[in-house]
Each structure stands twice: as C-alpha cells, then as structure tokens.
Amino acid sequence: MLEILKKSATEQSNAIRNKEVSAIELTRASLERIKSVDEKLGAFNSLTEDIALETAKKVDEKIAKGEELPLLAGVPLALKDNMNLIGSKTTASSKILENFVSPYNATATQKLLDNLIPIVGKANLDEFAMGSSNENSAFKKVHNPWNLNKVPGGSSGGSAASVASCEAALALGSDTGGSIRLPASFCGIVGMKPTYGKVSRYGLIAFASSLDQIGPFARTVEDAAALLEVISGYDFHDSTSLKLPVENYRNSLNNDIKGMKIGVVKELVSEGLTDDVKKAIENAVETYKALGAEVVEISLPNLKHSIGIYYILATAECSSNLARFDGVRYGHRTANAQNLLEMYCKTRAEGFGPEVKRRIMLGTYALSSGYYDAYYKKALQMRRVVTEDFIKAFAKVDALISPTCPNTAFDLGARTEDPLAMYLTDIATISANLAGLPAISIPAGFDSEGMPIGLQIMTPQLTEAKLFNLAYKFEQAHDYYKKLANI
Ligand code: GLN
C-alpha cells in the first residue's frame, strides 16, 4: 500500500474512482503508515480514526451506488490542530487547551467533510502557531522527514511533515507570516497561502486575525489547487471572507506563460542566502526564461521593515486574541487560586509556553496607551508602505519570485536560544501576509546535504489562477517534486 500512499492526491482520487482501491483501504493504509512512522516524526497530536473511516465508508457507498464523487473524495488529509473538528480535541499544541474538545466544525473543516475527505488526524504545530521550527509545541517537537535531526519548519510543521512522509496526501495549515510556505519549503512539498479573505477563518484558533489565512499542503501543484477549490468561498461567519465565486484553478494550470513578466525580488537574492539556495534561484530564472517569460529584477525597498512591522502587529493582535484564555471560558484552569485575579494569573502562567508569553507581553506593551502611537500606529502605517511597494511592483510585473527562505532546514535546537535569529527565518514570507497577497512555495531543488529548497512565487490579490499556473509550469519543467523523503 505504500505505493499508492506515495501517489499524488489526484492520482489517489482517480484510483478510488476507478475502483483500483477503496476509500476504506486507502484510509486504513494512511492510518497504518502514521502508526509505523509517526513515533519518529511527531507530526500528529491525535488521530481521528473513527471520523476518517466513517467518511471513507460514505465514499465507498457512493461508488457502490454509481453516484458522482465530490473533488478529492476519499483522499486522506491531516488537519492542523488549530482548526475545530467535532469529535476531536483542538489543542493548538498548548497546555492551556490540552483537553479542549471542538464545540463545532471550522468552515474549512466542514467543507472537507462535505467533500468526503477523510481527516486522519490533528497535526502538530508551534503553540498557537507562533514559531518557525515547530519546536514550540507544548507536547513534542516535529522532525523533518528528510533528516530527523532537522526542523520541519513552522508553525505548520506537522502538516508539512505528514504530507512529505506520505502519511497523508494532503494537509491544511494556517499562515500568519509564513507558517504554510516555510514548512513546505523545508519539507520539499507545495504549500500555499491564499489571498486574505479567500478562505474562512471561522473555527481557526485566532493568532493575528488581520494576517491569518488557511491554505493547502500537497505534493503537487495540481493537488494544492484542487484543495484550495474545496476550502475557499464566502462565509457568513467570517466578516473578512470575500463574497466571490469559487474558481476552478485546475483549468488554467497548463496555460502558456510566454510573454509573462516575472520580477526577482532584489532584496531577497542579494544577501544572507546560502550558495545552494542562490543557485536554485538562478536555475528558476533560467527555467522561466526557457518557458518564454521575461525575467527582470524588482526592488521592494521597504521589505527590510517587514519583520519589525509584523512583530508589532502580530503580537498586538495575539495579546488581544489570547485574552480569552482566562480559565473561565476555555480549557485549563489552575487548581490552586485564592481569588479571581490569582486564578487568571496562575491559569495563564501554567497554560502558556515561553514564546506565547513573550508575544503577549510584547503585544500588550505595543498597545499600551503611552506607546500605541509610537509602535502600533506606526506599524500600521508602515504596513501600508510595504503594500504600496507591491502595488508599484505589480504595475511592472505579473509575479514576483524569491527563495521561500534564505536557507534550508536547520538542526533542531540551532535557533531556539535566539528568538531574533528564529524571527529572521521568515524574512521572505512575512510581507505577503502584510499585503494580503497569495503566495506559494514549491520544490526547487536540493542543497549539498540533500535538503529541499523552496521557490516562493507571489502574485497580486485574487490572482490565484495565475499563481498556480506559474507554479505548475515550473514544477512540470523539473522532477524535483517526484523525489520523496526516504523514511
Ligand atoms: N514564524 C512566524 C511567527 O512565528 C509566522 C507564524 C505563522 O505564520 N503562523 O509568528
């Protein structure tokens, strides 16, 4: 069965339709695979075996009756453990929510269930999606399937590792500053953050609401495009979700890209990147030229401010969003408090990990009355300035390319003592969140140690079709995506 688990989601879906395998068999195979390799990887916080098998059974019943199947029906998927799924715990990898049972389905989750996609488990993450290496989980670290001594990237490290190791063909993650694209890049798979508002955030545990966006992980661009079709669309429950029809991205994947103009982001290729990553980007430029695109260099002069802006806005928003975890309404409550204030303080002191506490303190400070104008308001103004850089760039080019990260996956523990070094890991990804842009990371080669390198492509808001088209053309021009982690 490992053979079929290694196939793409589209191929798995076809195999089910052609009755080469039943949905139940495939789901069982995925669960078996998790049980045999996940002790090494730590990609799952919990398995949702009953839910997965019940969904798979419905697929097989439909096939027996000769009924039409919805897109990706029967293809096993891992759900990041910060999205609600009735019948599962949603922990956000935090002690404060260790025993929190999902009260309702997230909209994205509901859409998966409606499409009869078996959800095999809840994927590990950095606590409350805060991190770049998945070492901030309160429960266990995730290991990179290509080399178990390395990090998988974060915060959706479990989602990425599960797809890269063929535990599941698909996964959902959330991306606030790069949490889908970075782990996709470190694990050699495809990860995509849609335009802000494309996918409902209802039922996603909020980190920084003006930046958070749910998106797909897969091993091919076609699979990622299909999964985005499944989860996107307007939702009454999320006031920031866009009232736009769901598009079919698969139809335009193979469009000719001759004459398209692509900008290489100057600030992301000029310093700080490793030689191997640099070579991969040069190779990507050559590929696009060979495909008939025109490639130019484009400057985003304010990109250098994006990490500073992000760590004010994201921490400010999280300090407010996480105020609800007070021991009264959700999750953990301290066992020994003499009065209400002590109960709040002890509950939060016991429940949150060090990175979450650091961010709440930073964010509370930035929002405090004496510093609001100097930090929070200034950061909002600078967010607009960064967005303007993109508007100017996209007046000249159709898309921007860069490395997803200046380096490949680093060793576990290498950056945990230095929060700033960890924050700098996201230099290439954060600005797309500030500007609300769609962005994707796709496999673009390997470094001298055999670790995957990711290419990031960004396009203007709501041009996902073009983004997938450009990604697909690159993917098909190489066979990087065919090489799988050997675990
Ligand atoms: N690594 C970034 C952070 O730590 C982004 C995380 C994310 O996108 N959720 O905040």
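Preceding this section is the structure that the text describes.
Now for a description of the structure that goes with this document. (Residues numbered from 1 in each chain as written. Predicted model: local features only at pLDDT ≥ 70, side-chain atom pairs only at ≥ 80, totals over all residues. Heavy atoms only, no water.)

**Some words on the pattern of salt bridges**
So, step 1. What the rule picks out here adds up to 18 salt bridges.
So, step 2. The salt bridge involving Lys62 is made with Glu67; its shortest N-O contact spans 3.0 Å.
So, step 3. Here Glu67 falls in the partly exposed class, since its relative accessible area comes to 35%.
So, step 4. Linking Glu229 and Arg250 is a salt bridge whose minimum nitrogen-to-oxygen distance equals 2.7 Å. One end of the pair, Glu229, is in helix α8 (residues 221-231); the other, Arg250, is in the loop between α8 and β7 (261-265), with 21 residues separating them in the sequence.
So, step 5. Judged by relative accessible area, which is 9%, Glu229 ranks as buried.
So, step 6. Connected via shared salt-bridge partners are Lys62, Lys65 and Glu67. (Salt bridge = Lys/Arg side-chain N within 4 Å of Asp/Glu carboxyl O. Buried < 20%, exposed > 50% of the residue type's maximum accessible area, 1.4 Å probe, protein only. Helix = DSSP H or I, 4+ residues; strand = E, 2+ residues; numbered from the N terminus.)

**What about a nonpolar patch on the surface?**
So, step 1. Nonpolar side chains collect at one region of the surface, where Val328, Leu340, Leu341 and Tyr344 lie side by side and expose about 380 Å² of accessible area between them.
So, step 2. Tracing the chain through its elements places Leu341 in helix α12 (residues 340-351).
So, step 3. Looking at Leu341, the relative accessible area reads 60%, which means it is exposed. (Patch = residues over 30% accessible without salt bridge, like charges linked within 9 Å, V, L, I, M, F, W, Y side chains within 5 Å. Areas by Shrake-Rupley, 256 points an atom, 1.4 Å probe, with all protein chains shown as cover.)

**Re the pairing of strand β11 (residues 452-458)**
So, step 1. Within β11, seven of the seven residues are buried, which leaves the element mostly enclosed by the surrounding structure.
So, step 2. Every second residue of β11 is oriented toward a common face, with Pro452, Gly454, Gln456 and Met458 on one face and Ile453, Leu455 and Ile457 on the other, all of them buried.
So, step 3. Pairing between strand β10 (residues 439-446) and β11: six bridges, direction antiparallel. Considered in β11, the bridge of Ile442 is made with Leu455.
So, step 4. The hairpin turn running from β10 into β11, its antiparallel successor, is five residues long, and Gly450 in that turn takes a positive phi close to 85°. (Pairing = 2+ DSSP bridges.)

**Details of the side chain of Thr459**
So, step 1. Following the sequence through the fold, Thr459 ends up in the loop between β11 and α17 (464-476).
So, step 2. Owing to a relative accessible area of 0%, Thr459 belongs among the buried residues under this scheme.

**Remarks on the site of the ligand**
So, step 1. Neighbouring residues of the ligand: 15 residues in total, closest Gly177, Ser179, Tyr310, Arg359 and Asp426.
So, step 2. The backbone of Ala129 places a nitrogen or oxygen atom 2.8 Å from a nitrogen atom of the ligand.
So, step 3. A distance of 2.6 Å is found between an oxygen atom of the ligand and a side-chain nitrogen or oxygen belonging to Tyr310.
So, step 4. Across the shell around the ligand, the residue classes tally to five nonpolar, seven polar and three charged. (Near = heavy atom within 4 Å. Polar contact = N/O pair within 3.5 Å; in protein donor to acceptor, adjacent residues only side chain to side chain. Nonpolar A, V, L, I, M, F, W, Y, C, P; charged D, E, K, R; others polar.)

**Here we look at the sheet that holds β7**
So, step 1. The strand order across the open sheet built from eleven strands is β1-β3-β2-β4-β6-β5-β10-β11-β9-β7-β8, with neighbouring strands paired in mixed fashion. Only two strands of the sheet have a single partner each, and these edge strands are β1 (44-47) and β8 (294-298). Taken pair by pair, the neighbouring strands of this sheet meet at an average axis angle of 30°, ignoring direction.
So, step 2. Here three bridges tie β7 to strand β9 (residues 399-403), and the two strands are oriented parallel to one another. From the neighbouring strand, Val264 faces β9, where its bridge partner is Ile401.
So, step 3. On the sheet, α8 packs against β2 (77-80), β4 (170-175), β5 (190-193), β6 (213-218) and β10 and is oriented at approximately 145° with respect to β6. (Axes fitted to C-alpha atoms, helices over the stretch in contact; angles between N-to-C directions. Contact = heavy atoms within 4.5 Å.)

**Re helix α10 (residues 275-290)**
So, step 1. Relative to the 22 Å expected for 16 residues at 1.5 Å per residue, α10 spans 23 Å between its end C-alpha atoms, a close match to the ideal helical length.
So, step 2. Regarding α10, the residues found buried are Val277, Ala280, Ile281, Ala284, Val285, Thr287 and Tyr288. All buried residues of α10 lie within an arc of 160° about the axis, which places them on one face of the element. Away from its buried face, by an angle of more than 90 degrees, α10 presents the exposed residues Asp275, Lys279 and Ala290.
So, step 3. Downstream of α10 by one or two residues, Gly292 has phi in the positive range, about 100°. (Expected span 1.5 Å × (residues − 1). Arc of directions from axis to C-beta.)

**Focus on the packing of α8 against α17**
So, step 1. Relative orientation of the contacting elements α8 and α17 amounts to 160°, with a least axis distance of 9 Å. When the axis of α8 is compared with that of α17, the two are roughly antiparallel. Handedness of the α8/α17 crossing: left-handed. Taken together, the residues of α17 that come into contact with α8 (itself represented by Val221, Ala224, Ala225 and Leu228) are Glu464, Phe468, Ala471, Tyr472 and Glu475.
So, step 2. Among the residues making up the contact of α8 with α17, the classes are represented as seven nonpolar, no polar and two charged. (Parallel < 35°, antiparallel > 145°, perpendicular 65-115°, else oblique. Left-handed = near helix turned anticlockwise from the far one by under 90°.)

**Brief notes about the nonpolar core**
So, step 1. One finds Tyr288 and Ile457 to be the most contacted residues of the largest nonpolar core, which totals 57 residues.
So, step 2. Ranked by the residues each element gives to this core, the list is headed by α8, at eight residues.
So, step 3. In this structure, Val37, Phe44, Ala78 and Ile180 belong to the second largest nonpolar core, which totals 49 residues. (Core = buried A, V, L, I, M, F, W, Y, C linked by side-chain atoms within 4.5 Å.)

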